[in-house]
Amino acid sequence: MMLHLQPHALDAQNAISGANPDFDARFLKNNIKVKTGELSLNIVRIYNHGDEDAGIKPVLKVPPKWGVFSASFVETNVLAGDSVSLPFSIRIPSVASAAKDHKIVFQAFSLQNQLIISDTFSIQPEAFHKWDAMVPNRRFYFYPRRNMAEFEVKLQNSGNVSETISLEIRPDKKLSVESTSGLELITEIVLPANSDSSLFY
């Protein structure tokens, strides 16, 4: 697959501040919004404004469990007064929170391992909602002489955003229900993304 980068796609506002004044770089996209599990494509172009050719070692740092796909992030030579474009793709996991922007760190080092460029761009996962309320045991048995049974309600949030869940327990007229979790029978539970909680009655 061949990637073409149009010069007008990179403007001065995208310029990355560098540690070496002879070098700077620009991202094709400074902010990306993408669905979890999908690939997002970006390109960084590195400029050598000096009068000598230079070898660089590009590095891309992503959060844990994120995937980076690129054949371009290898030791590369940048000619004097010239530039190179490095395309890459990033896949974000379903557990990536949609409540914040995730910073992706790009760095380029000299062949002597001296930092010459460092900056970030942002990826914003799109929100998706997926939660459920379950009663693991469908049958309850009363303890001898206690005239009481215990049961559990499990709440699970598999989405990537926090959820406020309204929970209401309606017992039969012949029964009464008390929470051993210290909650009312009609209550609201705030469940963070990718988490679960159990309520006992």
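Model, not experiment: these values are computed from the prediction.

Novice: Looking at this structure, how should I read the overall build of the protein?
Specialist: Within the protein, the secondary structure is distributed over zero helices and 15 strands. Residues classed as buried in the protein amount to 36% of the 201 residues present. Within the protein, contacts between residues separated by at least 24 positions form 62% of all contacts whose residues are at least 6 apart in sequence. On the protein, roughly 12700 Å² of surface is accessible, and the fraction owed to carbon and sulfur atoms is 49%.

Novice: Please explain the sheet that holds strand β10 (residues 115-125) as it appears in this structure.
Specialist: Consider a sheet: its strands pair through backbone hydrogen bonds, and that pairing is either parallel or antiparallel. Read from one edge to the other, the open sheet built from five strands follows the order β3-β10-β9-β5-β7, with strand pairing classed as mixed. Strands with a single pairing partner mark the edges of an open sheet, and in this sheet they are β3 (31-34) and β7 (76-78). Geometrically, the sheet is characterised by an average inter-axis angle of 35 degrees between neighbouring strands, direction not taken into account. Examined bridge by bridge, strand β9 (residues 102-110) and β10 share eight bridges and lie antiparallel to one another. Bridged to Ala108 within β10 is Ile117.

Novice: Teacher, can you tell me more about the nonpolar core here?
Specialist: Val44, Ile46, Ile90, Phe106, Ile117, Phe121 and Ile123 are the most contacted members of the largest nonpolar core, which has 26 residues in total. Of all the secondary-structure elements, those providing two or more residues to this core are β2 (23-27), β3, β4 (39-48), β5 (54-61), β8 (83-91), β9 and β10. Once residues lying within four places of it in the same chain are set aside, the contact partners of Ile123 are Ile32, Val34, Ser40, Trp66, Ile90, Ile92, Lys100, Asp101, His102 and Ile104. Ile169, Val177, Ile189 and Leu191 belong to the second-largest nonpolar core, a separate cluster that totals ten residues.

Novice: So what exactly am I meant to see when it comes to the packing of aromatic side chains here?
Specialist: Each aromatic ring pair is characterised by the separation of its centres together with the angle its planes make. Tallying each qualifying case throughout the model produces five aromatic pairs. Consider the rings of Phe27 and Phe106, whose centres lie 6.2 Å apart with planes at 80 degrees: the pair is edge-to-face. Of the two residues, Phe27 sits in strand β2 while Phe106 sits in strand β9, which places them 79 residues apart along the sequence. Like Phe27, the residue Phe106 is buried in the burial classification. Ring pairing ties together the aromatic residues Phe27, Phe73, Phe88, Phe106 and Phe121, which thus form one cluster. Cation over ring: Arg26 sits above Tyr47, and NZ or CZ is 5.1 Å from the ring centre.

Novice: Sorry, what's going on with the environment of Glu150 here?
Specialist: In this fold, Glu150 is placed in the loop between β11 (131-134) and β12 (152-157). For Glu150, a relative accessible area of 48% translates into the label partly exposed.

Novice: Whenever I open this one, the sheet that holds β12 confuses me. Can you help?
Specialist: An order of β11-β12-β15 is seen for the three strands of this open sheet, with the pairing classed as antiparallel. Here the strands that pair on one side only, and so sit at the sheet edges, are β11 and β15 (195-200). Averaged over neighbouring strand pairs, the angle between their axes works out to 10 degrees when direction is ignored. When β11 meets β12, the two strands line up antiparallel, connected through four bridges. In the strand pairing of β12, Asp132 is matched with Gln156.

Novice: So what exactly am I meant to see when it comes to the pattern of salt bridges here?
Specialist: Side chains that differ in sign of charge can pair as their charged atoms come close. Applying the stated rule across the entire model yields one salt bridge. A salt bridge links Arg26 to Asp24, with the shortest nitrogen-to-oxygen separation between them at 3.9 Å. Relative accessible area serves as the criterion here: at 13%, Asp24 is assigned to the buried category.

Parameters at a glance
- Residues numbered from 1 in each chain as written.
- Predicted model: local features only at pLDDT ≥ 70, side-chain atom pairs only at ≥ 80, totals over all residues.
- Heavy atoms only, no water.
- Helix = DSSP H or I, 4+ residues; strand = E, 2+ residues; numbered from the N terminus.
- Buried < 20%, exposed > 50% of the residue type's maximum accessible area, 1.4 Å probe, protein only.
- Contact = heavy atoms within 4.5 Å.
- Areas by Shrake-Rupley, 256 points an atom, 1.4 Å probe, with all protein chains shown as cover.
- Pairing = 2+ DSSP bridges.
- Axes fitted to C-alpha atoms, helices over the stretch in contact; angles between N-to-C directions.
- Core = buried A, V, L, I, M, F, W, Y, C linked by side-chain atoms within 4.5 Å.
- Phe/Tyr/Trp six-rings, centres within 6.5 Å; stacked < 30°, edge-to-face > 60°.
- Lys NZ or Arg CZ within 6 Å of the ring centre and 35° of its normal.
- Salt bridge = Lys/Arg side-chain N within 4 Å of Asp/Glu carboxyl O.

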